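Here's the letter readout for the chains.
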Amino acid sequence: MTVSVISGAECPYALTWAVAQRAKDGQRSGDGYLLLRDGPDVFAFVIDGLGSGAHAHKDANIGLQAVQSDGKTLLHRFEQAHAALQQGRGAAWAGLSFNLQTGMLAWAAVGDVDGLVIREGKTAYSLLQRSGTLGLTFTGVHLSKTHLRPGDILLMCTDGISKSYRSNLTPHKTLQDLTTSLLEN
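The paragraphs below set out a description of the structure included in this document. Keep in mind it's a predicted model, so treat the numbers as computed, not measured.

**Brief notes about the layout of surface pockets**
And step 1. As a volume, the second largest pocket reaches approximately 160 Å³.
And step 2. Forming the walls of the second largest pocket are 13 residues, and the residues nearest its centre are Leu74, Ser97, Ala106, Leu143 and Lys145.
And step 3. Here the residues of the lining of the second largest pocket sort into seven nonpolar, four polar and two charged.

In C-alpha cells:
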C-alpha cells in the first residue's frame, strides 16, 4: 500500500493518493500505474496489459515508460503509449492530468478501465471510456474536464476490480481504508 501527498509551492491544491494492487497467485501483474509531476501538473496513469502474466506485465511497463517525458500534454501521452504498445499485445489505459494551481482535472480512457469522482459520498462524475486497445485499435480520446473540490475522491481501476464496487462505496476514515476495501472486496 502506498499513500503520499503531492503539493507545490504557491499551489492552492494538493493531492493525497493511495494505491492498492495484487497479482494473481504466482503470476506477475499485467496492471500498473504511474504518477508524474511536471510543474503544476500531476499526471496519473492506470494500465492493464492484455492477457495476464509476463507478456501483460511487459506491455504495462512499455506503456508506462513511454509517457515519462516532460512537457507533453495528456493527449500526447496517450499517443506515445499507443505507439510504444504497437510492439506488444496492447493495453487498456486511463490517464488524467490535474493542475495544482487551478484544481482542473482532465481525464480519458481506452478499453476496460474505470474511474469515478466521489463528492460528499456520491458519484459526481464517471470516466468516459472509448472502445479500443492502445497499441492495436486506437482512434483517439475525448478528454472530460471538471474542477475538483477539496475532499473529492478520484478512483481509477483496471478490470481486476469488479464494477460492482460502484454500488459498495461506503464512507471510509482514510484513503488507505478505501483502497484496501476495494481491493479486498
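**A word on the nonpolar core**
And step 1. Ranked by internal contacts, the top residues of the largest apolar core, which has 21 residues, are Phe45, Ile47, Phe78, Trp93 and Leu134.
And step 2. If one sorts the elements of this core by residue count, helix 2 (residues 74-85) sits on top with five residues.
And step 3. Excluding anything up to four places from it in sequence, Leu134 contacts Phe78, Ala81, His82, Leu85, Gly90, Ala91, Trp93 and Val110.
And step 4. Ala44, Leu96, Leu105 and Met156 belong to the second-largest nonpolar core, a separate cluster that totals 20 residues.

**Side note on the environment of Gly32**
And step 1. Looking at the element boundaries, Gly32 is found in strand 3 (residues 31-38).
And step 2. Exposure remark for Gly32: the relative accessible area of 12% places this residue in the buried category.
And step 3. Considering only alpha carbons, one finds Gly32 and Ala56, 24 residues apart in sequence, at a separation of 9.9 Å.
And step 4. Setting aside chain neighbours within four positions, we find Gly32 in contact with Phe45, Val46, Ile47 and Leu64.

**Overview of helix 1 (residues 53-66)**
And step 1. The first and last C-alpha atoms of helix 1 sit 20 Å apart over 14 residues, in line with the 20 Å expected at 1.5 Å per residue.
And step 2. Considered for burial, the residues of helix 1 that qualify are Gly53, Ala56, His57, Asp59, Ala60, Ile62, Gly63 and Leu64.
And step 3. As for helix 1, its buried residues are in contact with strand 3, strand 4 (41-49), helix 2 and strand 5 (91-99).

**As for the pairing of strand 6 (residues 104-110)**
And step 1. Of all seven residues in strand 6, six are buried, a share of seventy percent or more.
And step 2. Pairing of strand 5 with strand 6, which is carried by six bridges, proceeds in the antiparallel orientation. By the bridge assignment, Ser97 is partnered in strand 6 with Ala106.
And step 3. The antiparallel pairing of strand 5 with strand 6 creates a hairpin that spans four residues between the two strands, and Gly103 there sits at a positive phi of about 80 degrees.
And step 4. Of the pairings in the sheet, the one linking strand 6 to strand 10 (residues 144-147) comprises four bridges and is antiparallel in character.

**Concerning the side chain of Arg77**
And step 1. Tracing the backbone through its elements, the reader meets Arg77 in helix 2.
And step 2. Not counting chain neighbours up to four residues away, the residues in contact with Arg77 comprise Leu36, Asp38, Phe43, Phe45, Val67, Gln68, Ser69, Asp70, Gly71 and Lys72.

**Observations concerning the sheet that holds strand 7 (residues 113-119)**
Through backbone hydrogen bonds, the strands of a sheet pair up, either in parallel or in antiparallel fashion.
And step 1. Spatially, 8-7-11 is the arrangement adopted by the three strands of the open sheet, whose pairing is antiparallel. Of all the strands in the sheet, the pair left with one neighbour each is strand 8 (122-126) and strand 11 (153-158). Adjacent strand axes in the sheet meet at a mean angle of 30 degrees when their direction is disregarded.

**Topic: the pattern of salt bridges**
Two side chains with opposite charge may pair up if their charged atoms get near one another.
And step 1. According to the stated counting rule, one finds two salt bridges in the structure shown.
And step 2. Ionic pairing is found between Asp38 and Arg77, a salt bridge with its closest N-O pair at 3.8 Å. Residue Asp38 is found in strand 3, and its partner Arg77 is found in helix 2; the two are separated by 39 residues along the sequence.

**Notes on the packing of aromatic side chains**
And step 1. Within the structure shown, the criterion is met by five aromatic pairs.
And step 2. Relative to Phe98, the ring of Tyr13 lies with its centre 6.1 Å away and its plane at 90 degrees, an arrangement referred to as edge-to-face. Residue Tyr13 is located in the loop between strand 1 (2-6) and strand 2 (15-19), and its partner Phe98 is located in strand 5; the two are separated by 85 residues in the primary sequence.
And step 3. The interplanar angle of 35 degrees and the centroid separation of 5.2 Å between the aromatic rings of Phe45 and Trp93 together place this pair among those described as tilted. One end of the pair, Phe45, is in strand 4; the other, Trp93, is in strand 5, with 48 residues separating them in the sequence.

About the cut-offs
- Residues numbered from 1 in each chain as written.
- Predicted model: local features only at pLDDT ≥ 70, side-chain atom pairs only at ≥ 80, totals over all residues.
- Heavy atoms only, no water.
- 1 Å grid on protein atoms, 1.4 Å probe; cavity = no way out; pocket = protein on both sides within 12 Å on 5 of 7 lines; lining within 4 Å.
- Points joined across faces, edges and corners; volume = space filled by probe spheres on them.
- Nonpolar A, V, L, I, M, F, W, Y, C, P; charged D, E, K, R; others polar.
- Core = buried A, V, L, I, M, F, W, Y, C linked by side-chain atoms within 4.5 Å.
- Buried < 20%, exposed > 50% of the residue type's maximum accessible area, 1.4 Å probe, protein only.
- Helix = DSSP H or I, 4+ residues; strand = E, 2+ residues; numbered from the N terminus.
- Contact = heavy atoms within 4.5 Å.
- Expected span 1.5 Å × (residues − 1).
- Pairing = 2+ DSSP bridges.
- Axes fitted to C-alpha atoms, helices over the stretch in contact; angles between N-to-C directions.
- Salt bridge = Lys/Arg side-chain N within 4 Å of Asp/Glu carboxyl O.
- Phe/Tyr/Trp six-rings, centres within 6.5 Å; stacked < 30°, edge-to-face > 60°.

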